[in-house]
Amino acid sequence: MPKLEGFEFWSRTLRGARHVVAPMVDQSELAWRLLSRRHGAQLCYTPMLHAQVFVRDANYRKENLYCDVCPEDRPLIVQFCANDPEVFVQAALLAQDYCDAIDLNLGCPQMIAKRGHYGAFLQEEWDLLQRMILLAHERLSVPVTCKIRVFPEIDKTVRYAQMLEKAGCQLLTVHGRTKEQKGPLSGTASWEHIKAVRKAVAIPVFANGNIQCLRDVERCIQDTGVQGVMSAEGNLHNPALFEGRSPAVWELAEEYLDIVRQHPCPLSYVRAHLFKLWHHTLQVHQQLREELAKVKTLEGIAAVSQELKLRCQEDISRQKEGEKPSGGLPFFHWICQPYFRPGPKEGSKENGGARSKRALEEEEGTTDVLSKNKQKKKLRNPHKTFDPSLKPKYAKCDQCGNPKGNRCVFNLCRGCCKKRAFKETADCPGHGLLFKTKLERSLAWKGAQPRLQEPQQAGPGEPGGFPEVVGSALA
């Protein structure tokens, strides 16, 4: 059967999907995908998988894809991060029989993606991306798709999308934020960028960003003309988003836990989902936050969820007629609803309000108000301080900037020291690296070994020699 492309692929293989659950690391696992599909999702992505690890590690393949096969979980797109065409294609070949398309992650803006050189940090390397998409398009039996972030300039974003389309991308998901827009600096996604891309390419486009409820989905499709809308954080706080419903949190929490019992996944995934679902309630009943963080079993998590349900029902019974939700929420805390990430505090006049994420973190450490994570650490260790001036100062490695070893003969960190000592066959006692000493010992040991004399070849007629030929037939 010939490989379907573009709009034919979207309409036939993906069944014209408009409501899409985003690829989310440790969050879009099989159990969550099945829950989302029950409540209006028409297409799901796997969590982002590392192509190189997928190729070399059979257990990684089993745990993250092969053992998560389910007939109800289709259509499905598997997403990889990669920065090498051959590795990307090898991983895709191993996955293509378990999905309907392979997606290349070009949108991850996190620091781990910067260190690993993948995701949104490849968006300037157009030659490499062309080779990756072209090779995958030529060798895979399923279509290749891409998920990207935008550039600040609309025209550059359009040219970027057209380059990917020309290389063989059959469907494009556009997250309307730049790679710098993340965490407290997320801001609003630009639908203008998405609209411009949709008009400029001849393949289906999905929009991602600013999706918190079904009205946002409908408005996005109308304003941008895209074929579908992808939700990540909105889906995590309300899996029934695509149904246009906002049910009680315990309804979806209990349903999700039932699915997990049938399709097990790591406990950390389950805990993270419950923290998202119960987010607003845990602001009210904060003592149960610690309980949810500490439990070690699935049934323990279910028990905390049940206790949260009982607390909510008590809150409902005490509710007065005409009472409105507190905290500026659109609904009462026990109802599934969006979470609006708080923006950064207003910057000073000197920098015109522009604040880096690092500046925000440093400011938090100098104020009396600590972040939730720091408050938890303070509870565990009351003597802990977050004053930057009291933090120990470390001398930096001359090569990479990590803390150097105090007794390193090269003034390097252990990693850089090991490379240099190996290259120069040198010792660094401070790091316990003895390449020179071991080589000298090896040579000394070899020199002390007695040399074996080579046996001399015996002549004809001598013991061990060739027999004399008498009256040879060759004479």
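Residues numbered from 1 in each chain as written. Predicted model: local features only at pLDDT ≥ 70, side-chain atom pairs only at ≥ 80, totals over all residues. Heavy atoms only, no water.

The name recorded for the chain in an unreviewed UniProt entry is tRNA-dihydrouridine(16/17) synthase [NAD(P)(+)]-like, from Ovis aries. Database annotation for the chain, UniProt heading Cofactor (unreviewed entry): "FMN". For the chain, the Sequence similarities (unreviewed entry) comment in UniProt is given as "Belongs to the Dus family. Dus1 subfamily." (UniProt positions renumbered as here; feature names shortened; annotations may be inferred.)

Counted under the stated rule, the structure contains 10 aromatic pairs. Summarising the aromatic geometry, the rings of Trp 126 and Tyr 160 are spaced 5.7 Å apart at their centres and angled 25 degrees between planes, so their arrangement reads as stacked. Placement of the pair is Trp 126 in helix 7 (residues 126–139) and Tyr 160 in helix 8 (residues 154–167), with a sequence separation of 34 residues. Pairing Phe 332 with Trp 334 gives two aromatic rings, centres 5.0 Å apart and planes at 5 degrees, and the pair type is stacked. By relative accessible area, Trp 334 is classed as buried at 8%. The rings of Phe 54, Tyr 60, Tyr 66, Phe 80 and Tyr 98 are connected pair by pair, giving a single aromatic cluster. (Phe/Tyr/Trp six-rings, centres within 6.5 Å; stacked < 30°, edge-to-face > 60°. Helix = DSSP H or I, 4+ residues; strand = E, 2+ residues; numbered from the N terminus. Buried < 20%, exposed > 50% of the residue type's maximum accessible area, 1.4 Å probe, protein only.)

Close contact between helix 12 (residues 249–262) and helix 16 (residues 298–317) brings their axes to 10 Å; oriented N to C, the two are set at 165 degrees. Relative to helix 16, the element helix 12 lies roughly antiparallel. As helix 12 packs across helix 16, the resulting crossing turns out to be left-handed. In this structure, helix 12 contributes Trp 250, Ala 253, Glu 254, Leu 257, Val 260 and Arg 261 to the contact, and helix 16 contributes Leu 298, Glu 299, Ile 301, Ala 302, Ser 305, Gln 306, Lys 309, Cys 312, Gln 313 and Ile 316. Residues of the contact of helix 12 with helix 16, tallied by class, amount to 9 nonpolar, 3 polar and 4 charged. (Axes fitted to C-alpha atoms, helices over the stretch in contact; angles between N-to-C directions. Parallel < 35°, antiparallel > 145°, perpendicular 65-115°, else oblique. Left-handed = near helix turned anticlockwise from the far one by under 90°. Contact = heavy atoms within 4.5 Å. Nonpolar A, V, L, I, M, F, W, Y, C, P; charged D, E, K, R; others polar.)

This part is about the environment of Thr 178. Inspection of the secondary structure assignment puts Thr 178 in the loop between strand 7 (172–175) and helix 9 (191–200). According to the relative accessible area criterion, Thr 178 is buried, its value standing at 11%. Separated by 71 residues in sequence, Thr 178 and Gly 107 have C-alpha atoms that sit 8.8 Å apart. Sequence-distant contacts of Thr 178, that is, excluding residues within four places in its chain, are made with Arg 149, Val 150, Phe 151 and Pro 152.

The next point concerns the confidence of the model for the chain. Of the residues in the chain, 88% reach a pLDDT of 70 or more, and the chain-wide mean stands at 88. Across residues 346–367, confidence stays below pLDDT 50; counting only partners more than four residues off in sequence or on other chains, it has 27 contacts. In the predicted structure, residues 468–475 sits below a pLDDT of 50 and forms 1 contact with residues beyond four places in sequence or in another chain. (pLDDT = per-residue confidence, 0-100.)

With that out of the way, let us pick up the pattern of salt bridges. Inspection of every chain in the model, using the stated rule, returns 17 salt bridges. Across the pair Glu 424 and Arg 420 runs a salt bridge whose closest N-O atoms are separated by 3.1 Å. With Glu 424 and Arg 420 both in helix 19 (residues 414–424) and 4 residues apart, this pair spans about one turn of that helix. On the basis of relative accessible area, Arg 420 is assigned to the partly exposed category, the value being 32%. Each member of the salt-bridge network shares a partner with another, and the members are Arg 33, Arg 37 and Asp 73. (Salt bridge = Lys/Arg side-chain N within 4 Å of Asp/Glu carboxyl O.)

Here we come to the pairing of strand 9 (residues 228–231). Side chains of strand 9 alternate between two faces, with Gly 228 and Met 230 and Val 229 and Ser 231 buried alike. Pairing between strand 1 (residues 19–21) and strand 9: 3 bridges, direction parallel. Residue pairing in the sheet places His 19 in a bridge with Val 229 of strand 9. When strand 8 (residues 205–208) meets strand 9, the two strands line up parallel, connected through 3 bridges. Among the inter-strand pairings, Phe 206 is bridged to a residue of strand 9, identified as Gly 228. Regarding topology, helix 10 (residues 214–224) serves as the crossover connection from strand 8 to the parallel strand 9, and that connection is right-handed. (Pairing = 2+ DSSP bridges. Right-handed = clockwise from strand over helix to strand, strands pointing away.)

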